[in-house]
Amino acid sequence: MTIKTNTNSIDIYKKYYVERDYEQIDLFQLLKDKFEIESVLYPGSYVHISPAFIFPHVVFIDSDKQANKFFKDYKYISYIIDRKVYSADPDVTFYAQDYTIPIPKLENQFDLLVSQYAGFISDTCKNYLKVNGYLLVNNSHGDAGLAAIDKDYKLVAAIKKSYNKYRLSISDLDAYFLPKKDVSINKESLHEARKGVDYKKTAPLYLFQRIS
Ligand SMILES: C[S@@+](CC[C@H](N)C(=O)[O-])C[C@H]1O[C@@H](n2cnc3c(N)ncnc32)[C@H](O)[C@@H]1O
């Protein structure tokens with residue numbers, strides 16, 4: 001006798017984000033409370049759908065096959081409806097593609113661009129962010145360091161985590177992104193290193209504003 005296992009596509013979200021305590025819902029709520037953010041672009045999202053629990057309009061982009069399968073099965077919409085904190089219907093779109101391939105209709109559409117563990121999004125996807133919009137970025141692939149040397153961005157907060165809670169810090173921002181070693185940092189060297197350089201003072205995440 002064969003036993004059919006009824007796998008639910010949402011299980012993959014639970015496995016990677018709920019069980020690992022990496023939903024970041026409090027982070028997205030914090031950003032919503034402090035800044036005027038309605039629309040979010042998340043390139044290299046995999047199945048990290050939690051921004052859509054907090055923000056009504058979210059576009060996800062990922063070239064991964066499993067992510068494509070997840071978004072093709074519309075169970076994720078019911079899951080977002082169950083967990084959303086806003087009254088509107090969720091407006092969620094997924095692009096199953098490489099985020100370096102241009103999507104002209106998304107230009108200047110977003111209040112927040114998210115870049116976590118997925119390459120140089122600050123640069124490649126900058127034109128999708130409105131001027132005055134925000135970039136939430138970590139430095140795992142060097143993307144925060146790239147934003148720090150980009151004249152179109154200004155660092156507005158370091159995002160720290162203590163007692164399992166995120167908080168914004170706006171003190172001593174000039175102390176971030178100073179390299180430990182005397183190395184010259186430019187776009188080419190960061191792209192080559194692909195994991196960033198060591199800085200004297202760091203935070204788990206950073207918030208930049210697009211200023212031009
Ligand atoms: C390590 S996962 C991170 C997922 C999510 N950002 C998170 O923090 O959990 C990296 C994801 O970025 C996607 N990715 C990397 N480069 C990409 C590209 N050029 N275009 C589309 N997706 C990309 C991968 O397919 C993968 O799903």
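So, a few notes on the structure that sits alongside this text. Computed from a predicted structure; not experimentally measured.

**Quick word on helix α5 (residues 75–83)**
Within the span of α5, buried status applies to Tyr76, Tyr79 and Ile80. What you see down the axis of α5 is that its buried residues fit within an arc of 100°, all on one side. On the buried face of α5, the contacting elements are α1 (10–18), α3 (51–54), α4 (65–72) and β3 (91–95).

**A word on the side chain of Ser50**
Relative to the helices and strands, Ser50 resides in the loop between β1 (39–43) and α3. A polar contact is formed between the side chain of Ser50 and the backbone oxygen of Glu23, at a distance of 2.6 Å. Sequence-distant contacts of Ser50, defined by excluding residues within four places in its chain, comprise Tyr13, Glu23, Ile25 and Phe28.

**Side note on the pairing of β1**
Counting buried positions along β1 yields five of five residues, so the element is predominantly enclosed. The alternating pattern of β1 places Ser39, Leu41 and Pro43 on one face and Val40 and Tyr42 on the opposite face, and all of these are buried. Pairing analysis gives five bridges linking β1 to strand β2 (residues 57–61), with the strands arranged parallel. Each bridged residue has a counterpart across the sheet, and for Pro43 the counterpart in β2 is Ile61.

**Concerning the site of the ligand**
In the vicinity of the ligand, 15 residues are found, and the nearest of them are Tyr17, Tyr22, Gly44, Asp62 and Gln116. Side-chain polar atom of Tyr42 to a nitrogen atom of the ligand: 3.0 Å apart, as the coordinates give it. Tyr99 is positioned such that a nitrogen or oxygen atom in its backbone is 2.9 Å from a nitrogen atom of the ligand. When the ligand is considered free in solution it has 590 Å² of accessible area, and contact with the protein chains removes 74% of it. Of the residues assigned to the shell around the ligand, the class counts are seven nonpolar, five polar and three charged.

**Details of the environment of Lys126**
Along the chain, Lys126 falls in the loop between α6 (121–124) and β5 (129–137). Each C-alpha atom, one on Lys126 and one on Tyr17, is 26 Å from the other, the two residues being 109 residues apart in sequence. Those residues in contact with Lys126, other than ones at most four positions away along the chain, are Leu113, Ile121, Asp150, Asp152, Tyr153 and Arg210.

**With respect to the packing of α1 against α5**
Remark: α1 packs on α5, axes separated minimally by 9 Å, with the N-to-C direction vectors making an angle of 55°. Judged by the inter-axis angle, α1 sits oblique to α5. Between α1 and α5, the residues in contact are Ile10, Tyr13, Lys14 and Val18 and Lys75, Tyr76, Tyr79 and Arg83, respectively. A class-by-class count of the residues in the contact of α1 with α5 yields five nonpolar, no polar and three charged.

**With respect to the environment of Asp91**
Its location among the elements puts Asp91 in strand β3. A relative accessible area of 39% places Asp91 in the partly exposed class. Separated by 39 residues in the primary sequence, Asp91 and Ala52 place their C-alpha atoms 8.3 Å from one another.

Criteria and cut-off values
Residues numbered from 1 in each chain as written. Predicted model: local features only at pLDDT ≥ 70, side-chain atom pairs only at ≥ 80, totals over all residues. Heavy atoms only, no water. Buried < 20%, exposed > 50% of the residue type's maximum accessible area, 1.4 Å probe, protein only. Helix = DSSP H or I, 4+ residues; strand = E, 2+ residues; numbered from the N terminus. Arc of directions from axis to C-beta. Contact = heavy atoms within 4.5 Å. Polar contact = N/O pair within 3.5 Å; in protein donor to acceptor, adjacent residues only side chain to side chain. Pairing = 2+ DSSP bridges. Near = heavy atom within 4 Å. Areas by Shrake-Rupley, 256 points an atom, 1.4 Å probe, with all protein chains shown as cover. Nonpolar A, V, L, I, M, F, W, Y, C, P; charged D, E, K, R; others polar. Axes fitted to C-alpha atoms, helices over the stretch in contact; angles between N-to-C directions. Parallel < 35°, antiparallel > 145°, perpendicular 65-115°, else oblique.

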